[in-house]
Amino acid sequence: MKRILVVALLGFSAAAVAEEGVLQGDCAACHNIKGPTAQTLKAVFEKKAPDLFYAGNKFRQEWLVSWLQKPTRIRPAGMFHGDHIKVGVKGDEIDTSTLTTHPALSKADATSVAAELMKLKPHDDLIAKEKVEPGTISMQMGEMAFDKFLGCMACHLIEPEYGGLSGPELYTAAKRLQPQYMLSFIRSPQAWDPKSMMPNKNLSDANIQKMARYLESLSKEAANAK
Ligand code: HEC
Ligand code: HEC
């Protein structure tokens with residue numbers, strides 16, 4: 001099982017996996033794990049799941065290990081919110097009946113798959129450009145900037161059910177993501193994915209650091225609230 005999953009993860013043999021009846025282990029059926037990223041809008045809309053080919057530059061390994069065992073929703077309205085939004089009495093509502101749950105792995109499989117994912121590091125160059133500057137930001141200042149000044153709230157949740165629906169939830173971002181990845185992605189989403197739906201807002205270095213600090217505090221707050 002362990003070997004087959006890792007093979008499937010690397011996308012070598014979907015047939016072998018089907019034979020074993022562990023199709024849910026076939027990560028490559030949904031995820032791009034070899035790169036490059038989608039080059040055309042058509043390819044973007046055909047994506048079934050987020051790219052994983054730079055997982056080792058993006059995720060915290062310990063988060064991967066635990067999430068793969070108990071996956072929770074990260075994009076509140078699925079991969080493409082347009083596919084899962086219906087007009088309800090109060091405006092746009094998520095049509096949860098069309099959302100699927102993510103396959104879950106055993107602890108042993110999650111551990112070995114996470115270790116394989118962490119080896120995928122084609123973007124060490126982008127990570128090396130970022131430095132986390134120590135500092136703090138008050139939650140109030142952070143939220144003002146995130147919402148009013150920089151316009152991030154239109155697409156991202158900062159609490160369950162508070163914020164925009166088209167991007168990944170961000171109150172768990174710092175738990176999921178490496179700090180340099182957050183800085184780099186906020187600096188230029190298109191450096192990671194030329195067709196990213198997130199606009200490049202040309203933030204100053206100071207604002208990039210502020211946003212990463214805010215996301216750190218937000219995730220700590222979210223963890224404490226549990
Ligand atoms: C049936 C399609 C499907 C299969 C099979 C699948 N995934 Fe996913 N995966 C998704 C979707 C859709 C999401 C986005 C979920 C969300 O944002 O709520 C996702 C999200 C993820 C994420 C978080 C990515 C991010 O950028 O937020 C990781 C990590 C992940 N999957 C790993 C795996 C691994 C490892 C496997 C194989 C063991 C796997 N997935 C199999 C569809 C799939
Ligand atoms: C128009 C919608 C939109 C706006 C505005 C927006 N984002 Fe995003 N953001 C996204 C989407 C969509 C993604 C997922 C990556 C992708 O699809 O390329 C994302 C991804 C991210 C990620 C990586 C999260 C992950 O789980 O991979 C961070 C961090 C982030 N955004 C922070 C910000 C900050 C800070 C701002 C404000 C300066 C902002 N975003 C503004 C849509 C947006």
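These figures come from a predicted structure and were not determined experimentally.

Conventions adopted
Residues numbered from 1 in each chain as written. Chains lettered and ligands numbered in written order. Predicted model: local features only at pLDDT ≥ 70, side-chain atom pairs only at ≥ 80, totals over all residues. Heavy atoms only, no water. Near = heavy atom within 4 Å. Polar contact = N/O pair within 3.5 Å; in protein donor to acceptor, adjacent residues only side chain to side chain. Helix = DSSP H or I, 4+ residues; strand = E, 2+ residues; numbered from the N terminus. Buried < 20%, exposed > 50% of the residue type's maximum accessible area, 1.4 Å probe, protein only. Contact = heavy atoms within 4.5 Å. Donors = N, O, S within 2.8 Å, 3.2 Å for Na, K, Ca; no water. Tetrahedral: all angles 85-135°; square planar, octahedral: opposite > 155°, others 65-115°. pLDDT = per-residue confidence, 0-100. Axes fitted to C-alpha atoms, helices over the stretch in contact; angles between N-to-C directions. Parallel < 35°, antiparallel > 145°, perpendicular 65-115°, else oblique. Left-handed = near helix turned anticlockwise from the far one by under 90°. Nonpolar A, V, L, I, M, F, W, Y, C, P; charged D, E, K, R; others polar. Salt bridge = Lys/Arg side-chain N within 4 Å of Asp/Glu carboxyl O.

Enquirer: What is the right way to look at the site of ligand 1 in this model?
Expert: In the neighbourhood of ligand 1, 21 residues make up the surrounding shell, with C27, C30, H31, R75 and H102 lying closest. One nitrogen or oxygen atom from the side chain of K58 is found 2.9 Å from an oxygen atom belonging to ligand 1. In the environment of ligand 1, an oxygen atom lies 2.8 Å from a nitrogen or oxygen atom belonging to the backbone of I74. Of the residues forming the shell around ligand 1, the biggest block, 3 residues, is contributed by helix α5 (residues 61–69).

Enquirer: Is there a simple way to think about the environment of I137 in this case?
Expert: As for its position among the elements, I137 is in the loop between α7 (124–128) and α8 (139–149). Owing to a relative accessible area of 14%, I137 belongs among the buried residues under this scheme. Between the alpha carbons of I137 and L215 there is a distance of 10.0 Å; along the sequence they are 78 residues apart. When residues no more than four places from it in sequence are discounted, the contact partners of I137 are G142, K210, R213, Y214 and S217.

Enquirer: Got a minute to help me understand the coordination of the iron atom of ligand 2 in this structure?
Expert: The textbook angles at a metal center are 109.5 degrees for a tetrahedron of four donors and 90 or 180 degrees for an octahedron of six. Around the iron atom of ligand 2, the protein contributes the donor atoms H156 (NE2) and M198 (SD), which lie 2.0 to 2.1 Å from the metal centre. For the iron atom of ligand 2, the 6 donor atoms in the first shell make angles of 87 to 179 degrees at the metal, a pattern classed as octahedral. Here H156 is found in the loop between α8 and β3 (157–159), whereas its partner M198 is found in the loop between α11 (189–192) and α12 (205–225), with 42 residues between them in sequence. Residue classification places H156 among the buried positions, given a relative accessible area of 10%. You can call M198 partly exposed: its relative accessible area is 25%.

Enquirer: Help me understand the confidence of the model for the chain in this model?
Expert: It should be kept in mind that the predicted coordinates are not to be read in detail where pLDDT is low. A residue-level look at the chain finds 84% of positions with pLDDT of 70 or above and a mean pLDDT of 85. Within the chain, no element has a lower average pLDDT than helix α2 (residues 14–20), which sits at 39, and none a higher one than helix α10 (residues 179–187), at 98. Here residues 11–25 is a poorly scored stretch, pLDDT under 50, and it has 17 contacts once near neighbours within four places are set aside; other chains count.

Enquirer: How do you make sense of the packing of α8 against α12 when you look at a structure like this?
Expert: Two packed helices can be described by the angle between their axes and the distance between those axes. Close contact between α8 and α12 brings their axes to 10 Å; oriented N to C, the two are set at 120 degrees. Judged by the angle between their axes, α8 and α12 are oblique. The way α8 lies across α12 gives a crossing that is left-handed. Residues M139, G142, E143, A145 and F146 of α8 form the contact with α12, whose participating residues are M211, Y214, L215, S217, L218 and E221. Of the residues contributing to the contact of α8 with α12, the split by class is 7 nonpolar, 2 polar and 2 charged.

Enquirer: Hey, could you run me through the site of ligand 2 in this one?
Expert: Surrounding ligand 2, one finds 21 residues, the nearest of these being C152, C155, H156, S196 and M198. Secondary-structure elements contributing two or more residues to the shell around ligand 2 are α10 and α12. Here the shell around ligand 2 is composed, by residue class, of 13 nonpolar, 5 polar and 3 charged.

Enquirer: Could you clarify how one ought to interpret the side chain of T37 in this entry?
Expert: Mapped onto the elements, T37 comes out in the loop between α2 and α3 (41–46). Of the polar contacts made by the side chain of T37, one reaches the side chain of D51; its length is 3.1 Å. A distance of 3.2 Å separates the side chain of T37 from the side chain of D193, its partner in a polar contact. When near neighbours in sequence (up to four residues on either side) are disregarded, T37 contacts N32, D51, F53, W192, D193 and P194.

Enquirer: Even after reading the chapter, I still don't get the pattern of salt bridges, so can you show me in this structure?
Expert: Between side chains of opposite charge, a pair can form as their charged atoms come close. Under the counting rule described, the total for this entry stands at 8 salt bridges. Here K119 and E116 are joined by a salt bridge, their closest N and O atoms 3.0 Å apart. Exposure remark for K119: the relative accessible area of 59% places this residue in the exposed category. Taken together, the salt bridges that share partners define one network made up of K47, D51 and D193.

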